[in-house]
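# Understanding the architecture of this molecule
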Amino acid sequence: MGSLPTTVRGRQTRQRIVNAAAQVVAEKGALAASLDDVGERARASRSQIYHYFEDKTDLLLAVAEATNDAVLGAQADLFAALDTWAGLVSWTDAIVSFQQSAAGLRGCPIANLLGQMGERDDGIRALLAEGLDRWEAHIRTGLGAMVTSGELRADADPTWLATSTLASLQGGLVLAHARRDARPLRAALDGALALIATYRT
């Protein structure tokens, strides 16, 4: 993704450009966002942008990577507690609560960007898919720990349950986004919890 800066100032400038690009993409969409928009928001010239990024697609790759890190980083503490039933329930509650807030009801940032760019650039699609894979891995690790501790039965399949849970979450986010109502998300996550609960000891 372009030239990686070696100085603190360079890294700060690059990060400022990526942050600005992420904001512009969130507001206007990936296709409508222009380098001029990004430069104005980041207080950076076109020459500075091209110093760090080969072109707009290269910048969008950096935005995709930043989006993955932001979405997953915001859940880091919740992921750490997914090894118990209480932690699993708290994670679903936190996601619903966020969607109910003023910042919510916008769907999943990873999925939103995937919908805009996934069929136009395979590199961006693969990078965003990697973000979803990391999300699923956190769920799988937590469920696996619950099997090991005996909180879930030995015949529970953490991989299958994690995939099902993430699919329910993403589907619920789509409906919540479309309807501007968090209740479909709550229902989807309750369904995921109900399935996992069938394996509780």
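The structure presented is a predicted model; accordingly, all values stated were derived computationally and were not measured. (Residues numbered from 1 in each chain as written. Predicted model: local features only at pLDDT ≥ 70, side-chain atom pairs only at ≥ 80, totals over all residues. Heavy atoms only, no water.)

### Structural notes on helix H1 (residues 8–28)
- The end-to-end C-alpha distance of H1 is 30 Å, a good match for the 30 Å that 21 residues give at a rise of 1.5 Å each.
- Listed in full, the buried residues belonging to H1 are Gly10, Thr13, Arg14, Ile17, Val18, Ala20, Ala21, Val24 and Val25. An end-on view of H1 places all buried positions within 165° of arc, on one side of the element. Of the exposed residues in H1, those oriented more than 90 degrees away from the buried face are Val8, Arg9, Gln12, Ala26 and Glu27.
- Summarising the contacts, the buried residues of H1 are in contact with helix H2 (35–42), helix H3 (46–52), helix H4 (56–73) and helix H7 (109–117). (Helix = DSSP H or I, 4+ residues; strand = E, 2+ residues; numbered from the N terminus. Expected span 1.5 Å × (residues − 1). Buried < 20%, exposed > 50% of the residue type's maximum accessible area, 1.4 Å probe, protein only. Arc of directions from axis to C-beta. Contact = heavy atoms within 4.5 Å.)

### Digging into the packing of H1 against H2
- It is the contact of H1 with H2, at a shortest axis distance of 8 Å, that shows an interaxial angle of 125°. Comparing their axes, H2 and H1 come out oblique. Along this stretch, H1 crosses H2, giving a crossing that reads as right-handed. Together, Arg16, Ile17, Ala20, Ala21, Gln23, Val24, Glu27 and Lys28 of H1 and Asp37, Val38, Arg41 and Ala42 of H2 make up the contact between the two elements. (Axes fitted to C-alpha atoms, helices over the stretch in contact; angles between N-to-C directions. Parallel < 35°, antiparallel > 145°, perpendicular 65-115°, else oblique. Left-handed = near helix turned anticlockwise from the far one by under 90°.)

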